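The lines below spell out each chain.
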Amino acid sequence: MVDQARARRLAKRISSIVATAIEYEVKDPRLRFVTVTDAKVTGDLREATVYYTVMGETLDAEPDYDGAAAGLEKAKGVLRSKVGAGTGVKFTPSLAFVLDTVPDAARQMEELLAKARAADDAVAKVAATARPAGDADPYKVERDADE
């Protein structure tokens, strides 16, 4: 039987162990701007997927995704041994590293929301000075012929 709570706890522990090892123990310069965002573990606790993002050296610099992926692939054995020593499970899970696309998707959503807000402001500005088409009183009442 799969214990989902245990898998979630192990995934959280794996992400913290890998993040700490990348920051303090792995001396690969390609991993300087790598941030571990999440980890998922299969129900049998044999395989773990670690999600990461890569930041640029400056705000304008493009991140080195290929270098980070190569650095993580090279350090996979060391990181797996750190996970095995830090978790104490019977079988150390194999690690797979996947680039996390959530920050890019969030940035694109923010840009789309900004465009929608700008369009709403333009419509509100036009609506403020708009006049109704046709008669001012579209609901005419029947009037008697003697009036």
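Each remark here, short or long, concerns the structure printed above.
The text that follows walks through the structure, step by step, so that each part is easy to find. Here the structure is a predicted model, which means the values were calculated and not measured.

With that out of the way, let us pick up the packing of helix α1 (residues 4-24) against helix α3 (residues 76-87). Contact pair α1 / α3: the axes reach a minimum separation of 9 Å and the direction vectors enclose 130 degrees. Of the possible angle classes, the one that applies to α1 and α3 is oblique. The interaxial crossing formed by α1 with α3 has right-handed handedness. In this structure, α1 contributes Leu10, Arg13, Ile14, Ile17, Val18, Ala21 and Ile22 to the contact, and α3 contributes Leu79, Lys82, Val83, Gly86 and Thr87. Looking at the contact of α1 with α3, its residues break down into eight nonpolar, two polar and two charged.

As a further point, take the sheet that holds strand β2 (residues 47-54). Backbone-to-backbone hydrogen bonds join strands into a sheet, with any given pair of strands oriented parallel or antiparallel. Read across the open sheet, the three strands follow the order β1-β2-β3; overall the sheet is mixed. Strands with a single pairing partner mark the edges of an open sheet, and in this sheet they are β1 (34-41) and β3 (94-99). Looking at each pair of strands side by side, their axes are set apart by 30 degrees on average, direction ignored. Two strands pair when backbone bridges link them, and β1 and β2 are joined in this way by seven bridges, in the antiparallel orientation. Considered in β2, the bridge of Val41 is made with Ala48.

With that settled, consider the layout of surface pockets. Taken as a whole, the largest pocket spans an internal volume of roughly 280 Å³. Surrounding the largest pocket, 15 residues form its lining, Val54, Met55, Pro63, Tyr65 and Asp104 being those nearest its centre. Broken down by secondary-structure element, the contributors of at least two residues to the lining of the largest pocket are β2 and α4 (102-128). Ranked by residues supplied to the lining of the largest pocket, first place goes to α4 with three residues. Looking at side-chain class alone, the lining of the largest pocket contains eight nonpolar, four polar and three charged residues. In this structure, the second largest pocket occupies an estimated 170 Å³ of space. Taken together, Pro29, Arg30, Arg32, Phe33, Val54, Met55, Gly56, Glu57, Ala61, Glu62, Pro63 and Asp64 make up the lining of the second largest pocket.

Calculation rules
Residues numbered from 1 in each chain as written. Predicted model: local features only at pLDDT ≥ 70, side-chain atom pairs only at ≥ 80, totals over all residues. Heavy atoms only, no water. Axes fitted to C-alpha atoms, helices over the stretch in contact; angles between N-to-C directions. Helix = DSSP H or I, 4+ residues; strand = E, 2+ residues; numbered from the N terminus. Parallel < 35°, antiparallel > 145°, perpendicular 65-115°, else oblique. Left-handed = near helix turned anticlockwise from the far one by under 90°. Contact = heavy atoms within 4.5 Å. Nonpolar A, V, L, I, M, F, W, Y, C, P; charged D, E, K, R; others polar. Pairing = 2+ DSSP bridges. 1 Å grid on protein atoms, 1.4 Å probe; cavity = no way out; pocket = protein on both sides within 12 Å on 5 of 7 lines; lining within 4 Å. Points joined across faces, edges and corners; volume = space filled by probe spheres on them.

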